[in-house]
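Descriptive structure summary
If you want the building blocks of each chain, they are given just below.
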There are 2 protein chains.
Amino acid sequence: MRGGLNNERLLGLKEKSEKEYAGVKAKGLKLDMSRGKPGPDVLELSNGMLKLPAGDYISENGTDCRNYGIIDGIPEAKRLFAQMLGVSESEVIVGGNSSLQMMYDAVARAMLFGAADGFDPWSKSKIKFLCPVPGYDRHFSVCETMGIEMLSVPTDGNGPDMDAVERLVSEDESVKGIWCVPMYSNPTGIVYSDAVVKRLANMKPKAPDFRIFWDNAYCVHHLTDEPESLADILGECKKAGNPDMVYIFASTSKISFPGGGVGVLAASAGNVAYIKKHMGFQTIGSDKLNQLRHVQFFRDLDGIKAHMGLIKNVLKPKFDLTLDILEKELSPDGLGSWHKPKGGYFISFDGAQGTAKRTVALCKEAGVVLTGAGAAFPYGKDPEDKNIRIAPTYPSLEELRAAMEVFCVSVKLANAEKIYNLFTTFPAKVI
Amino acid sequence: MRGGLNNERLLGLKEKSEKEYAGVKAKGLKLDMSRGKPGPDVLELSNGMLKLPAGDYISENGTDCRNYGIIDGIPEAKRLFAQMLGVSESEVIVGGNSSLQMMYDAVARAMLFGAADGFDPWSKSKIKFLCPVPGYDRHFSVCETMGIEMLSVPTDGNGPDMDAVERLVSEDESVKGIWCVPMYSNPTGIVYSDAVVKRLANMKPKAPDFRIFWDNAYCVHHLTDEPESLADILGECKKAGNPDMVYIFASTSKISFPGGGVGVLAASAGNVAYIKKHMGFQTIGSDKLNQLRHVQFFRDLDGIKAHMGLIKNVLKPKFDLTLDILEKELSPDGLGSWHKPKGGYFISFDGAQGTAKRTVALCKEAGVVLTGAGAAFPYGKDPEDKNIRIAPTYPSLEELRAAMEVFCVSVKLANAEKIYNLFTTFPAKVI
């Protein structure tokens, strides 16, 4: 194809894309697709929860949820989330509304006091975390603010490159952690294979206080009727003699309300005891009324599953539409690749090298705000400048159609500009 | 009087006390007065809140409180708590359900990152906090777990001994903070005088990153119709050229629900900007639905005041009863001293030296659990073993009467035992 290109044809291509772009820009859209947020159409499915608790404020263990007490969550909430995460009730700590806060606190606790009794605080030395990429920007920000060096590890459809992970953790005692979003990963949507989960659980880290930060944010967030399944990391860690190696996190932010959900942590008995000891200095207890509200609304795992079915009915058409438009607009010219997620909140788009930042800038100029290019990489730097996280959940279908039109036109223009610049800057080389 | 005592009379006194004690113990009470908790009679005054928000989930700035966003609280919540604390709206950060967590986080943030940009993390060196005593055990626990050395400072009816405070902060750069409960102090119930507040605001600490931790937990918790007033610490700090020297904390734990309230922090623009920057790594936002719930229920400061009037009607009889019993049972023999608080949650009892631990143990044996003796002092060590924190808010009046009977009988027995031991161990000296 390149053989047939000349400056004039390239200019023509670029001008055609510019014209299309001017057209979508003229529509004056104003859409924020920067974060993975549910839309009002999903939020309203949980409105009934806000009438609860109605009259009954007493936990099954007799604690008045309106009053002080219970550092690790009311028993019925622990049971509900134990079911959801496939762990035992005693392995669960139910917190406030933010699982990110529980992750941040887990890192901060290890920085200040060590990851367990008898270990040095992480802040005493220069430490490193492994970051499978592309990944979740807020995980990486926690490392960055704590001064933890991040080492990128590539991922494929099965999870992180385990050869690389095993080599890094076994060689270097300063490697203290790895961030994982194992199910419907943010942003790629992939699910870690059983083999990857087992290899993670069976690692022999040089650092005895190494921790897997297992952010199972999308554990029940299926988009198909045949949900993927994820191997039991805590069980595998126990089998491998590494019971303390993993912290599991989840929340109801994308089940009930991001602005008033419940965060949860699950870990070994040893980790739970250590964390509770430190939490005891930090708070008298998390919001038990909100925990009770959630239990009264969902009742059990079947209740959560039924609710997630309602959410799937809202979200699936948005994912389908997004994928259809990408397929129709970009596949014929091979202008990018993406995974079709069976759950979660994102579509991870890989365009041509060196086009992601420009594409996001063009979208913004045309009124569509996307997550910043590079956000899915440590330090916000995508070495190939090709990855863009698409978050199709918030807009209505009409808005999404308009936004994806802007996106595809922007991708085309960014590509046309790139090819034009490449050919016209180095004409001797390529023509 | 001592001249008239002999071993036999002392033994008689002790035996009389033992008999009284056996009598109350036989009643088999089971009462927990260990923490400052509201009773169900106070909690039910806020039950109406749990039907909110009803239908309207949108903040006045257009944010859907059910969704992500707003790190520092919805504007109407900031305004409500700004009124309550006498600061401006922009000086307020509304958090989750726990002001203790906001205090802990403020210390942890300074330990990890420094108290402000350009300052060393506190964890880089050995630091100290001033602790006016008796004080709040959970403040001291935060210091203890962080490895911060605590220096006790005596208090009187006007607040901490400011000569001592000024000397310590001006001499020693490692002194980085002071814990204050300035209004209806935990446990003494005193209110800092205007002069003390001004002297605090005008300190010239040797440490430029010194902070006053101003836990205004009882700012609207009056027990009389002529409430005490507290000078404006943030305003005084600004006037003194020390705008960043104070963090103010409060919560609705003892206004609405301890198990589902709202915590709040107020500080200078500089501090707020620094804290928000760090909070941005920690969470996407606190529970906005609970913030909205509180605003819809209380509406404004007048609403809070009216509600606190209802709470006063429940609590005042409990304080009155407690004080009456102390007066009637212990004053005639001079077996202790206490302040009559005009607000707050506690009565601080000072018995004879060396009797507090024994008194608390006797109460426990008779089924009445009090806060551990010494809890109001750093490291849990009351150097004189005389202070006991009485928390009269939780029990019903009947239970409180029974508990205070146990308490007074235990005080008497502890005193009788002490005097008996003293006289019989050193008979030559005293008889």
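Just so it is clear, the model here is predicted, and its values are computed rather than measured.

Turning next to the overall build of chain A. From N to C terminus, chain A includes 14 helices and 13 strands. Over its C-alpha trace chain A gives a radius of gyration of 23 Å, about what one expects of a compact globule, namely 22 Å for 431 residues. For chain A, the C-alpha atoms occupy an extent of roughly 80 × 55 × 35 Å along the three principal directions.

The next thing to look at is the relation of the copies chain A and chain B. With an RMSD of 0.0 Å, the operation that places chain A on chain B is a rotation of 180° combined with a shift of 0.0 Å along the axis. The symmetry that links the two subunits is that of a two-fold axis. Among all C-alpha atoms of chain A, that of lysine 51 of chain A lies closest to the rotation axis, at 2.5 Å. When the interface residues of chain A are mapped onto chain B, 100% of them are again interface residues, pointing to one common binding face.

Here the focus is the domain arrangement of chain A. Residue and element names in this part refer to chain A. What the domain assignment lists for chain A is domain 1 (2-33 + 305-430) and domain 2 (50-300). In this structure, domain 1 and domain 2 have C-alpha centres spaced 32 Å apart. Facing the 23 residues of domain 1 at the interface are 27 residues of domain 2. By residue number, the principal contributor to the side of domain 1 that touches domain 2 is helix 11 (residues 301-330), which donates seven residues.

Residue and element names in this part refer to chain A. Residues of strand 13 (residues 387-390) alternate between two faces, with Asn387 and Arg389 on one and Ile388 and Ile390 on the opposite face, all of them buried. Here strand 11 (residues 347-350) pairs with strand 13 via four bridges, running antiparallel. Its bridge partner lying in strand 13, isoleucine 347 is registered against isoleucine 390.

Moving on to the environment of isoleucine 70 of chain B. Residues and elements named next belong to chain B. Tracing the backbone through its elements, the reader meets isoleucine 70 in the loop between helix 2 (40-43) and helix 3 (75-85). Of the residues examined, isoleucine 70 has 21 C-beta atoms within 10 Å and is grouped as buried. Measuring from C-alpha to C-alpha, the distance between isoleucine 70 and valine 181 comes to 29 Å, with 111 residues separating the pair along the chain. Setting aside its immediate chain neighbours within four residues, isoleucine 70 contacts Thr63, Gly285 and Lys288.

Outside of glycine, negative phi angles account for most residues, and trans bonds account for most peptide bonds. Residue leucine 52 of chain A is joined to proline 53 of chain A through a cis peptide bond whose omega torsion reads -10°. With respect to the helices, strands and loops of the structure, proline 53 of chain A is situated in the loop between helix 2 (40-43) and helix 3 (75-85). Here valine 133 of chain B and proline 134 of chain B are connected by a cis peptide whose omega angle stands at -5°. Tracing the chain through its elements places proline 134 of chain B in the loop between strand 3 (128-133) and helix 5 (137-146). The residue isoleucine 70 of chain A is not glycine, and still its phi comes out positive at about 65°. Backbone geometry places aspartate 385 of chain B, a non-glycine residue, at a positive phi of 45°. For aspartate 385 of chain B, a count of 19 C-beta atoms within 10 Å puts it in the partly exposed group.

A few words on the sheet that holds strand 10 (residues 337-338) of chain B. Strand pairing in a sheet is mediated by backbone hydrogen bonds. Such pairs are either parallel or antiparallel. Spatial ordering of the open sheet is given by 10-11-13 (chain B), a layout of three strands whose pairing is antiparallel. Each edge of the sheet is formed by a strand with only one pairing partner; in this case those strands are strand 10 and strand 13 (387-390) of chain B.

To continue, consider the nonpolar core. Core analysis: the largest hydrophobic core is formed by 261 residues, its most contacted members being Val246 and Ile248 of chain A together with Val246 and Ile248 of chain B. For valine 246 of chain B, the contacting residues outside a window of four places in its chain are Arg211, Ile212, Trp214, Ile233, Leu234, Cys237 and Ala267 of chain B.

Right, let's get into the interface of chain A and chain B. Counting residues at the interface gives 40 residues for chain A and 40 residues for chain B. Residue classes in the side of chain A that touches chain B are distributed as 18 nonpolar, 15 polar and seven charged.

A few words now on the packing of helix 4 (residues 99-113) of chain A against helix 5 (residues 137-146) of chain A. The description of two packed helices rests on the angle between their axes and on the distance between the axes. All names here are of chain A. Viewed as axis vectors pointing N to C, helix 4 and helix 5 meet at an angle of 30°, and their least axial separation amounts to 11 Å. In this view, helix 4 runs roughly parallel relative to helix 5, as classed from their interaxial angle. Along this stretch, helix 4 crosses helix 5, giving a crossing that reads as right-handed. Packed against helix 4, whose contacting residues are Leu100, Met103, Tyr104, Val107 and Met111, the element helix 5 presents Arg138, Val142 and Met146 at the interface. For the contact of helix 4 with helix 5, the residue count by class is seven nonpolar, no polar and one charged.

Residues and elements named next belong to chain A. Position of leucine 400 relative to the elements: it lies in helix 13 (residues 397-425). Overall, the presence of 24 C-beta atoms within 10 Å leaves leucine 400 in the buried class. Separated by 82 residues in sequence, leucine 400 and lysine 318 have C-alpha atoms that sit 7.4 Å apart. Residues in contact with leucine 400, not counting those within four places in the same chain, are Lys318, Leu321, Thr322, Pro392 and Pro395.

Right, let's get into the sheet that holds strand 11 of chain A. Across the sheet, three strands lie side by side as 10-11-13 (chain A); this open sheet has antiparallel pairing. Unpaired on one side and paired on the other, strand 10 (337-338) and strand 13 of chain A mark the two borders of the sheet.

Next up on the list: the confidence of the model for chain A. Any segment with low pLDDT has predicted coordinates that should not be analysed in fine detail. Scored by pLDDT, chain A has a mean of 95; 97% of the residues are at 70 or more. Overall fold confidence for the complex sits at a pTM of 0.96, while the interface term, ipTM, reaches 0.95.

To continue, consider the environment of aspartate 172 of chain A. All names here are of chain A. Relative to the helices and strands, aspartate 172 is located in the loop between helix 6 (162-171) and strand 6 (175-180). Using a count of 16 C-beta atoms within 10 Å as the deciding quantity, one classes aspartate 172 as partly exposed. Along the backbone, aspartate 172 and arginine 66 are 106 residues apart, and their C-alpha atoms lie at a distance of 48 Å. Setting aside chain neighbours within four positions, we find aspartate 172 in contact with Lys128 and Lys206.

Right, let's talk about the packing of helix 1 (residues 7-26) of chain B against helix 13 (residues 397-425) of chain B for a bit. Residues and elements named next belong to chain B. Where helix 1 meets helix 13, the closest approach of the two axes is 9 Å, and the angle between their N-to-C directions is 155°. Of the possible angle classes, the one that applies to helix 1 and helix 13 is roughly antiparallel. Crossing angle aside, the handedness with which helix 1 passes helix 13 is left-handed. Each of Asn7, Leu10, Leu11, Leu13, Lys14, Ser17, Glu18, Glu20, Tyr21 and Val24 in helix 1 lies in contact with helix 13, whose residues at this interface are Glu405, Val406, Val409, Ser410, Lys412, Leu413, Ala416, Glu417, Ile419, Tyr420, Phe423 and Thr424. Residues that form the contact of helix 1 with helix 13 fall into these classes: 12 nonpolar, four polar and six charged.

Criteria and thresholds
Residues numbered from 1 in each chain as written. Chains lettered and ligands numbered in written order. Predicted model: local features only at pLDDT ≥ 70, side-chain atom pairs only at ≥ 80, totals over all residues. Helix = DSSP H or I, 4+ residues; strand = E, 2+ residues; numbered from the N terminus. Rg over C-alpha atoms; globule rule 2.2 N^0.38 Å. Least-squares fit on C-alpha atoms with pLDDT ≥ 70 in both. Contact = placed C-beta atoms within 7 Å. Domains from an automatic or database assignment. Buried ≥ 20, exposed ≤ 12 C-beta atoms within 10 Å, placed from the backbone. Pairing = 2+ DSSP bridges. Core = buried A, V, L, I, M, F, W, Y, C linked by C-beta atoms within 7 Å. Nonpolar A, V, L, I, M, F, W, Y, C, P; charged D, E, K, R; others polar. Axes fitted to C-alpha atoms, helices over the stretch in contact; angles between N-to-C directions. Parallel < 35°, antiparallel > 145°, perpendicular 65-115°, else oblique. Left-handed = near helix turned anticlockwise from the far one by under 90°. pLDDT = per-residue confidence, 0-100.

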